[in-house]
Amino acid sequence: MSRPVLEMRKITKSFPGVKALAGVDLEVGAGEIHALCGENGAGKSTLMKVLSGVHPHGSYEGEILLDGEPVAFRDINASERRGVVIIHQELALIPHLSLAENIFLGNEQARRGVIDWRATLRDATRLLRRVGLPDLPQTRVSDIGVGKQQLVEIAKALSKEVKLLILDEPTAALNDEDSEHLLRLILELRAQGIACIVISHKLNEIRRIADRVTILRDGRSVETLPVRETPDAEPQIAEDRIIRGMVGRDLEHRFPERTPYTGADAGEVALEVSGWTVRHPLDHQRKVVDDVSLEVRRGEIVGVAGLMGAGRTELAMSVFGRSYGVYDGGSVAVNGREVRTRSVPEAIGHGIAYVTEDRKTYGLNLIDSVNRNISLTSLPSLAARGVVDEHRERQIAEGYRKSMNIKTPDVFEQVQRLSGGNQQKVVLSKWIHTGPEVLILDEPTRGIDVGAKFEIYSVIEQLAAEGKAVLFISSELPELLGMCDRIYTMAAGRLTGEIDRAEATQEVLMRHMTMDRN
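These numbers were taken from a predicted model, which means no experiment stands behind them.

A. Quick look at helix H16 (residues 450-465). In this model H16 runs 22 Å from its N-terminal to its C-terminal C-alpha over 16 residues, within 8% of the 22 Å that 1.5 Å per residue would give. Taken residue by residue, H16 has Val450, Gly451, Ala452, Lys453, Ile456, Tyr457, Val459, Ile460, Glu461, Leu463 and Ala464 as its buried positions. Where H16 is buried, its residues contact helix H8 (239-247), strand S15 (301-306), helix H15 (420-432), strand S21 (438-442), strand S22 (469-473) and helix H17 (477-483). Just downstream of H16 lies glycine 467, where phi reads positive at about 100°.

Rendered as structure tokens:
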């Protein structure tokens, strides 16, 4: 390894009732891509917040050295002045400002207190080109996609003469093409001598770009492993080896054992969607869901596969109370009876539940407690004369905390303080408590680690075993192949195939996901 640009020694950080970090060590070389892995709640993000000054010096124990010199950051501005820049999973861009304004926000190109717009646009253009973004600097952030917004964040970091760039789950919300572009850029930054710390649950990406990986478990640094001998060498570490370090055991099977529930053994049809058509909410000429028909039987886990823009989420949201787009035709039947789902309460009343792909925006009230989030969808059943029975509410939340293994000090903890995997368990608990006949899961394991994934897979399988009908949307083809009895494929808003478990492979699914229509 080259000389260390960063050394973190015996970092310990506690919150009320929780020791988040317990003597963590981390060393990053100059021009190195260093991956940070661990289950949700292992302490990865907390460690990076200590490094970047979000948790200021004095609020933790231990020592941080940059280029061999001890540092004591009081806030994030202090760390950025030393070239340490963090890009959080939730991007910190202002949508209604331009790319140039966002790049230099707080670091304005000014003379005598007046912004020099010519210099701002010139330097913003240079930085945008450096990260491979051809858009004009005057473009508003709201007019570009999430993948490009990630590149703007990196351009913003480069404007601050970054020496150590921290990326927290940088590809979690990106499609394959945008992820590929971002990974290539990270490799280019390494070639320019910029050190990067990458937090990611995508082990294939870690094997592709990282030089070394440090594994955290339960707030401790377990081990640091070489990924490759030289930057241009092939990776020498297997994904299973990283997983073993993360969870403290071998995961012989990444998915629960499951006997396919199809054919003569399948239950009655619980959900039937026929001729479902939805138009774009702004461009009414464009169909985002086009004449889709599908069915899910009791006890089945049925997948929906498709590339970005295929219409999977639009289908799910529109079926669930027409919460996306403009309805243009089709019907929904639950247990053989056609039902109206013109609103979310109406859909819930007919036994349909929907776990959104964006839990932090649409699935949870982050500043509220675990117990209140779990009860939100079923408050009428907990109220008498308009007053919620808080004792009963707490009992229900405690039951789910135990049965779902939600790691929290108590059910009064704010949801925003929980790890991503535990937040997802709260979302699932909320919808399970409504007693649904049909559960629509949209990317239910996005952004969570392999251990938490297995727990959620087990919950999903248990729901199917109880006779629930599960519609499972995922961008991860191995996940669909490992969990589903049948898989529908979509492209451009249309169904393009229906594949049984026995015949499904990644190649077969991809072929159907890229065709026009059967």
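B. Structural view of the pairing of strand S13 (residues 269-279). Where S13 and strand S14 (residues 287-297) come together, 7 bridges link them in antiparallel fashion. Bridge pairing in S14 places tryptophan 276 opposite valine 292.

C. Expanded view of the pattern of salt bridges. Scanning all chains against the criterion turns up 31 salt bridges. For glutamate 180, the salt bridge identified is with arginine 208, shortest N-O distance 2.6 Å. Of this pair, glutamate 180 sits in helix H6 (residues 176-191) while arginine 208 is found in helix H7 (residues 203-209), placing the two residues 28 residues apart along the sequence. We classify glutamate 180 as partly exposed; its relative accessible area is 29%. Close ionic contact of glutamate 476 with lysine 453 constitutes a salt bridge, the shortest N to O distance being 3.3 Å. Separated by 23 residues along the polypeptide, glutamate 476 in the loop between S22 and H17 and lysine 453 in helix H16 bring together distant segments of the chain. Put simply, Arg312, Glu357, Glu443 and Arg446 are held in one network by salt bridges that share partners.

D. Examining the packing of aromatic side chains more closely. Within the structure shown, the criterion is met by 4 aromatic pairs. When the ring of phenylalanine 320 is compared with that of tyrosine 354, the centres are 5.7 Å apart and the planes differ by 45°; the resulting orientation is tilted. Placement of the pair is phenylalanine 320 in the loop between helix H9 (312-319) and strand S16 (326-334) and tyrosine 354 in strand S18 (residues 352-355), with a sequence separation of 34 residues. Phenylalanine 320 sits in the buried class, given a relative accessible area of 4%. Members of the aromatic cluster, joined through ring pairs, are Phe320, Tyr354 and Trp431.

Thresholds applied
Residues numbered from 1 in each chain as written. Predicted model: local features only at pLDDT ≥ 70, side-chain atom pairs only at ≥ 80, totals over all residues. Heavy atoms only, no water. Helix = DSSP H or I, 4+ residues; strand = E, 2+ residues; numbered from the N terminus. Expected span 1.5 Å × (residues − 1). Buried < 20%, exposed > 50% of the residue type's maximum accessible area, 1.4 Å probe, protein only. Contact = heavy atoms within 4.5 Å. Pairing = 2+ DSSP bridges. Salt bridge = Lys/Arg side-chain N within 4 Å of Asp/Glu carboxyl O. Phe/Tyr/Trp six-rings, centres within 6.5 Å; stacked < 30°, edge-to-face > 60°.

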